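Understanding the architecture of this molecule
Listed below are the residues making up each chain.
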Amino acid sequence: MVFTLFDEVAVKSAMWFGHARQFVGGGKIVPGSAGGPFIVWQLVTANSRPVARSVAGFASLELAISDARRVAALAPQAAISMVLDQPNGLRGWVATVDDTAITTCARWYVSDRDCRNAAELAVASLPAAPLAPTMHIVRASGRTVSRPMVPRTEVPSA
């Protein structure tokens, strides 16, 4: 799993939650801190193609890592539901445990078969997915940088 920090919280979180709401509906989606970082996780393939993503955004790397680990542990119990994007006729999926969304697809699919196959593979891959050693930082300027991923709890005191 990879982690991404968006520094322009209002714009990026609106885009992230807009996608999540298409799968979760009116359900509660916990935003990251309005004035601080907005960090999300994604499950990616070996060639870095996103296949699943967090439903929420987080105010700290520690919270994002905790959610990624929680979702990986819950994945074997998840129920997968298909979602139709009415205006475009595209398909997506959401994985739930006890009627609570734990992850969604990262992109839309043209066919039911491709969507269902992608969902099953993504959810089955979550428990084995390693956490990336870096976090990508997306700047308002559009420039993206990566830095080593070190949660604050692991940073030595000076």
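Report follows, based on the coordinates.

About the criteria used
Residues numbered from 1 in each chain as written. Predicted model: local features only at pLDDT ≥ 70, side-chain atom pairs only at ≥ 80, totals over all residues. Heavy atoms only, no water. Pairing = 2+ DSSP bridges. Helix = DSSP H or I, 4+ residues; strand = E, 2+ residues; numbered from the N terminus. Buried < 20%, exposed > 50% of the residue type's maximum accessible area, 1.4 Å probe, protein only. Salt bridge = Lys/Arg side-chain N within 4 Å of Asp/Glu carboxyl O. Polar contact = N/O pair within 3.5 Å; in protein donor to acceptor, adjacent residues only side chain to side chain. Expected span 1.5 Å × (residues − 1). Arc of directions from axis to C-beta. Contact = heavy atoms within 4.5 Å. Core = buried A, V, L, I, M, F, W, Y, C linked by side-chain atoms within 4.5 Å.

Across 3 bridges, the pairing between strand S2 (residues 38-44) and strand S3 (residues 50-53) is antiparallel. Bridge pairing in S3 links Gln42 to Arg53. In this antiparallel pair of consecutive strands, S2 and S3, the connection spans 5 residues, and Ser48 shows a positive phi of 70 degrees. With 2 bridges connecting them, S3 and strand S6 (residues 100-105) associate as antiparallel partners. Within S6, the residue paired with Ala52 across the bridge is Cys105.

The next thing to look at is the pairing of S2. A large share of S2 lies buried, amounting to 6 of its 7 residues. Both strand S1 (residues 2-6) and S2 contribute to a ladder of 5 bridges, which runs antiparallel. Looking at the pairing, Val2 lines up with Gln42 of S2.

So, about the pattern of salt bridges. Within this structure, the stated rule accounts for 3 salt bridges. Two residues, Asp67 and Arg70, come together in a salt bridge whose shortest N-O distance is 2.6 Å. Taken together, the residues Asp67 and Arg70, both in helix H2 (residues 61-74) and 3 residues apart, mark about one turn of the helix.

Position of Thr103 among the secondary structure elements: in strand S6. In this structure Thr103 comes out as buried when scored by relative accessible area, which is 0%. A polar side-chain atom of Thr103 sits 2.7 Å from the main-chain carbonyl oxygen of Arg53.

Now for H2. In this model H2 runs 20 Å from its N-terminal to its C-terminal C-alpha over 14 residues, within 8% of the 20 Å that 1.5 Å per residue would give. Listed in full, the buried residues belonging to H2 are Leu61, Ala64, Ile65, Asp67, Ala68, Val71 and Ala72. Buried residues along H2 cover an arc of 160 degrees about the axis, so they all sit on one side. Structural note: H2 exposes Arg69 and Ala73 on the side pointing more than 90 degrees away from its buried face. On its buried side, H2 packs onto S1, S2, S6 and strand S7 (134-138).

Counting 33 residues, the largest nonpolar core has Met1, Phe3, Trp41, Leu43, Trp93 and Leu126 as its most contacted members. Within the residue set of this core, elements represented by two or more residues are S1, S2, S3, H2, strand S5 (90-97), S6, helix H3 (112-125) and S7. Ranked by the residues each element gives to this core, the list is headed by H2, at 6 residues.

Before going further, it helps to examine the environment of Leu61. Take Leu61: it is sitting in helix H2. When the C-alpha positions of Leu61 and Val40 are compared, they lie 8.5 Å apart, and in sequence the two are 21 residues distant.

Looking at where Thr96 falls in the secondary structure, it is placed in strand S5. What makes Thr96 buried here is its relative accessible area of 17%. If we skip the residues at most four places from it in the chain, Thr96 touches Gln77, Ala78, Ala79, Ala101 and Ile102.

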